[in-house]
Amino acid sequence: MIRYADSLEGIAPEQVQGFFVGWRHPFPPETHLRMLAGSDLAQLAIDDETNRVVGFVAALTDGVQGAFITLLEVLPEYQGQGIGQALMEQMLQRLGHIQTIELMCDPELVPFYERFGMKPSSGMVLRRREP
Ligand SMILES: CC(C)(COP(=O)(O)OP(=O)(O)OC[C@H]1O[C@@H](n2cnc3c(N)ncnc32)[C@H](O)[C@@H]1OP(=O)(O)O)[C@@H](O)C(=O)NCCC(=O)NCCS
(Lines give C-alpha, C1' and ligand atoms only; values in the text may rest on other atoms or scores of the structure.)
Protein backbone atom coordinates (compact mmCIF):
# COMPACT_ATOMS: atom_id res chain seq x y z
CA MET A 1 0.00 0.00 0.00
CA ILE A 2 1.07 3.57 -0.60
CA ARG A 3 1.19 5.92 2.35
CA TYR A 4 1.77 9.66 2.17
CA ALA A 5 4.01 11.70 4.44
CA ASP A 6 4.41 15.44 4.90
CA SER A 7 7.77 15.14 6.62
CA LEU A 8 11.20 13.73 5.83
CA GLU A 9 11.59 12.37 9.32
CA GLY A 10 13.21 8.94 9.28
CA ILE A 11 13.86 9.01 5.52
CA ALA A 12 17.34 7.83 4.51
CA PRO A 13 19.05 8.28 1.12
CA GLU A 14 18.73 4.52 0.38
CA GLN A 15 14.94 5.01 0.29
CA VAL A 16 15.12 7.73 -2.36
CA GLN A 17 16.52 5.96 -5.41
CA GLY A 18 15.62 6.04 -9.09
CA PHE A 19 14.31 9.58 -9.48
CA PHE A 20 15.21 12.20 -12.12
CA VAL A 21 14.49 9.76 -14.94
CA GLY A 22 15.73 11.10 -18.27
CA TRP A 23 17.77 13.90 -16.70
CA ARG A 24 21.23 14.39 -18.06
CA HIS A 25 22.52 15.09 -14.57
CA PRO A 26 20.30 13.21 -12.13
CA PHE A 27 20.80 14.25 -8.51
CA PRO A 28 22.19 11.57 -6.19
CA PRO A 29 19.86 10.51 -3.35
CA GLU A 30 21.78 12.51 -0.72
CA THR A 31 21.44 15.69 -2.79
CA HIS A 32 17.80 14.90 -3.52
CA LEU A 33 17.10 14.64 0.21
CA ARG A 34 18.93 17.93 0.78
CA MET A 35 16.72 19.56 -1.88
CA LEU A 36 13.61 18.23 -0.18
CA ALA A 37 14.84 19.38 3.23
CA GLY A 38 15.54 22.82 1.78
CA SER A 39 12.02 23.13 0.39
CA ASP A 40 9.30 24.82 2.42
CA LEU A 41 6.99 21.89 1.81
CA ALA A 42 7.65 18.34 0.66
CA GLN A 43 5.14 15.56 0.35
CA LEU A 44 6.20 11.94 -0.13
CA ALA A 45 4.54 8.78 -1.38
CA ILE A 46 6.03 5.69 0.27
CA ASP A 47 5.50 2.04 -0.61
CA ASP A 48 4.64 0.44 2.73
CA GLU A 49 5.98 -2.96 1.68
CA THR A 50 9.45 -1.82 0.65
CA ASN A 51 9.63 1.45 2.61
CA ARG A 52 10.82 3.02 -0.63
CA VAL A 53 9.89 6.59 -1.57
CA VAL A 54 8.06 6.18 -4.90
CA GLY A 55 6.91 9.73 -5.50
CA PHE A 56 7.39 13.25 -4.21
CA VAL A 57 6.36 16.85 -4.72
CA ALA A 58 8.19 19.89 -3.36
CA ALA A 59 7.27 23.57 -3.09
CA LEU A 60 8.74 26.91 -2.10
CA THR A 61 6.50 29.65 -0.73
CA ASP A 62 6.51 33.13 0.83
CA GLY A 63 3.60 31.99 2.98
CA VAL A 64 1.13 34.57 1.65
CA GLN A 65 1.11 35.49 -2.00
CA GLY A 66 3.04 32.94 -3.94
CA ALA A 67 4.21 29.37 -4.08
CA PHE A 68 6.24 27.55 -6.66
CA ILE A 69 6.04 23.82 -7.10
CA THR A 70 9.62 22.94 -7.96
CA LEU A 71 9.42 19.21 -8.64
CA LEU A 72 6.89 16.42 -8.94
CA GLU A 73 7.87 12.90 -9.88
CA VAL A 74 6.54 9.39 -9.52
CA LEU A 75 8.85 6.44 -10.22
CA PRO A 76 8.03 4.91 -13.63
CA GLU A 77 6.87 1.57 -12.23
CA TYR A 78 4.41 3.39 -9.93
CA GLN A 79 2.97 5.78 -12.51
CA GLY A 80 -0.65 5.52 -13.60
CA GLN A 81 -1.91 4.53 -10.14
CA GLY A 82 -3.16 7.92 -8.99
CA ILE A 83 -0.04 8.74 -6.94
CA GLY A 84 0.88 11.90 -8.87
CA GLN A 85 -2.66 13.18 -8.60
CA ALA A 86 -2.77 12.43 -4.86
CA LEU A 87 0.54 14.19 -4.26
CA MET A 88 -0.63 17.28 -6.16
CA GLU A 89 -3.96 17.37 -4.32
CA GLN A 90 -2.20 17.06 -0.97
CA MET A 91 0.30 19.78 -1.85
CA LEU A 92 -2.43 22.13 -3.10
CA GLN A 93 -4.33 21.54 0.12
CA ARG A 94 -1.25 22.39 2.17
CA LEU A 95 -0.91 25.54 0.06
CA GLY A 96 -4.62 26.30 0.47
CA HIS A 97 -3.99 29.78 1.95
CA ILE A 98 -1.62 30.88 -0.84
CA GLN A 99 -3.00 33.19 -3.55
CA THR A 100 -0.96 32.09 -6.55
CA ILE A 101 0.64 28.73 -7.20
CA GLU A 102 2.99 28.37 -10.13
CA LEU A 103 5.02 25.68 -11.79
CA MET A 104 6.84 25.09 -15.06
CA CYS A 105 6.02 22.08 -17.20
CA ASP A 106 6.39 20.66 -20.67
CA PRO A 107 3.37 21.16 -22.98
CA GLU A 108 2.33 17.51 -22.72
CA LEU A 109 1.82 17.92 -18.97
CA VAL A 110 -0.68 20.79 -19.38
CA PRO A 111 -3.75 18.48 -19.35
CA PHE A 112 -2.49 16.83 -16.16
CA TYR A 113 -2.17 20.15 -14.31
CA GLU A 114 -5.47 21.46 -15.71
CA ARG A 115 -7.12 18.77 -13.59
CA PHE A 116 -6.27 20.86 -10.54
CA GLY A 117 -7.67 24.11 -11.94
CA MET A 118 -4.31 25.38 -13.14
CA LYS A 119 -4.13 27.39 -16.35
CA PRO A 120 -1.30 27.85 -18.84
CA SER A 121 0.59 31.11 -18.36
CA SER A 122 3.88 32.49 -19.58
CA GLY A 123 7.11 32.36 -17.67
CA MET A 124 10.83 32.85 -17.85
CA VAL A 125 13.62 30.57 -16.86
CA LEU A 126 17.38 30.88 -16.56
CA ARG A 127 18.96 27.44 -16.82
CA ARG A 128 22.55 27.46 -15.65
CA ARG A 129 22.73 23.75 -16.30
CA GLU A 130 20.46 21.64 -18.48
CA PRO A 131 18.39 19.24 -16.35
C1 LIG B 1 3.39 13.47 -14.33
C2 LIG B 1 3.40 12.39 -13.25
C3 LIG B 1 3.83 12.99 -11.92
C4 LIG B 1 1.98 11.84 -13.10
O5 LIG B 1 1.99 10.93 -12.03
P6 LIG B 1 1.12 9.58 -12.09
O7 LIG B 1 1.12 9.00 -10.71
O8 LIG B 1 1.58 8.72 -13.20
O9 LIG B 1 -0.31 10.17 -12.46
P10 LIG B 1 -1.70 9.65 -11.93
O11 LIG B 1 -1.75 8.16 -12.02
O12 LIG B 1 -2.00 10.25 -10.61
O13 LIG B 1 -2.67 10.28 -13.01
C14 LIG B 1 -3.86 10.89 -12.64
C15 LIG B 1 -4.62 11.20 -13.89
O16 LIG B 1 -3.86 12.11 -14.69
C17 LIG B 1 -3.67 11.55 -15.98
N18 LIG B 1 -2.33 11.86 -16.45
C19 LIG B 1 -1.16 11.40 -15.98
N20 LIG B 1 -0.13 11.92 -16.68
C21 LIG B 1 -0.69 12.70 -17.62
C22 LIG B 1 -0.17 13.51 -18.65
N23 LIG B 1 1.16 13.59 -18.88
N24 LIG B 1 -1.05 14.19 -19.42
C25 LIG B 1 -2.37 14.10 -19.21
N26 LIG B 1 -2.94 13.35 -18.24
C27 LIG B 1 -2.09 12.68 -17.47
C28 LIG B 1 -3.81 10.06 -15.81
O29 LIG B 1 -4.21 9.46 -17.03
C30 LIG B 1 -4.87 9.96 -14.77
O31 LIG B 1 -6.14 10.12 -15.37
P32 LIG B 1 -7.45 9.29 -14.89
O33 LIG B 1 -7.68 9.71 -13.46
O34 LIG B 1 -8.51 9.76 -15.81
O35 LIG B 1 -7.09 7.86 -15.02
C36 LIG B 1 4.31 11.20 -13.63
O37 LIG B 1 3.94 10.72 -14.89
C38 LIG B 1 5.80 11.53 -13.65
O39 LIG B 1 6.46 11.47 -12.61
N40 LIG B 1 6.35 11.86 -14.83
C41 LIG B 1 7.78 12.12 -14.97
C42 LIG B 1 8.20 13.38 -14.27
C43 LIG B 1 7.38 14.58 -14.67
O44 LIG B 1 7.08 14.78 -15.84
N45 LIG B 1 7.03 15.38 -13.67
C46 LIG B 1 6.30 16.63 -13.86
C47 LIG B 1 7.29 17.72 -14.03
S48 LIG B 1 6.48 19.27 -14.36
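The structure we're discussing is the one just above.
Residues numbered from 1 in each chain as written. Predicted model: local features only at pLDDT ≥ 70, side-chain atom pairs only at ≥ 80, totals over all residues. Heavy atoms only, no water.

A. The arrangement of the overall build of the chain in detail. A count of helices and strands for the chain gives 3 helices and 5 strands. Ordered by position from the N terminus, the helices and strands of the chain form the series β-α-β-β-β-α-β-α. Relative to its length of 131 residues, the chain is compact, with a C-alpha radius of gyration of 14 Å against a globular reference of 14 Å. Within the chain, counting contacts between residues at least 6 apart in sequence, those at least 24 apart form 58% of the total. Carbon and sulfur atoms provide 50% of the accessible area of the chain, an area that totals close to 8200 Å². For the chain, the distance from the average site of its 10 positive side-chain charges to the average site of its 17 negative ones is 6 Å. (Helix = DSSP H or I, 4+ residues; strand = E, 2+ residues; numbered from the N terminus. Rg over C-alpha atoms; globule rule 2.2 N^0.38 Å. Contact = heavy atoms within 4.5 Å. Areas by Shrake-Rupley, 256 points an atom, 1.4 Å probe, with all protein chains shown as cover. Lys, Arg positive; Asp, Glu negative; His and termini not counted. Charge placed at Lys NZ, Arg CZ, Asp CG, Glu CD.)

B. Inspection of the side chain of Gln 43 at higher detail. Along the chain, Gln 43 turns up in strand β2 (residues 41-47). In terms of polar contacts, Gln 43 uses its side chain to reach the side chain of Gln 90, at 2.8 Å. Other than its neighbours up to four places away in sequence, Gln 43 contacts Tyr 4, Ala 5, Asp 6, Gly 55, Phe 56, Val 57, Leu 87, Gln 90, Met 91 and Arg 94. (Polar contact = N/O pair within 3.5 Å; in protein donor to acceptor, adjacent residues only side chain to side chain.)

C. Molecular detail of the pairing of strand β4 (residues 66-74). Here strand β3 (residues 52-61) pairs with β4 via 7 bridges, running antiparallel. Directly across from Ala 59, in β4, lies its bridge partner Ile 69. Here β3 folds back onto β4, and the loop between the two strands holds 4 residues, one of which, Gly 63, carries a positive phi near 85°. Here 3 bridges tie β4 to strand β5 (residues 100-102), and the two strands are oriented parallel to one another. Paired with Ala 67 across the strands is Ile 101, a residue of β5. Taken together, β4, helix α2 (residues 83-94) and β5 constitute a β-α-β crossover, and its handedness is right-handed. (Pairing = 2+ DSSP bridges. Right-handed = clockwise from strand over helix to strand, strands pointing away.)

D. Focus on the site of the ligand. If you check the shell around the ligand, you find 18 residues, and the closest are Leu 72, Val 74, Gly 82, Gly 84 and Arg 115. Gly 80 has a polar backbone atom sitting 2.9 Å from an oxygen atom of the ligand. In isolation the ligand exposes 920 Å². Once the protein is present, 62% of that is buried. Those elements giving two or more residues to the shell around the ligand turn out to be β4, α2 and α3 (110-114). (Near = heavy atom within 4 Å.)

Keep in mind that these numbers describe shape and distance, not what the molecule does.
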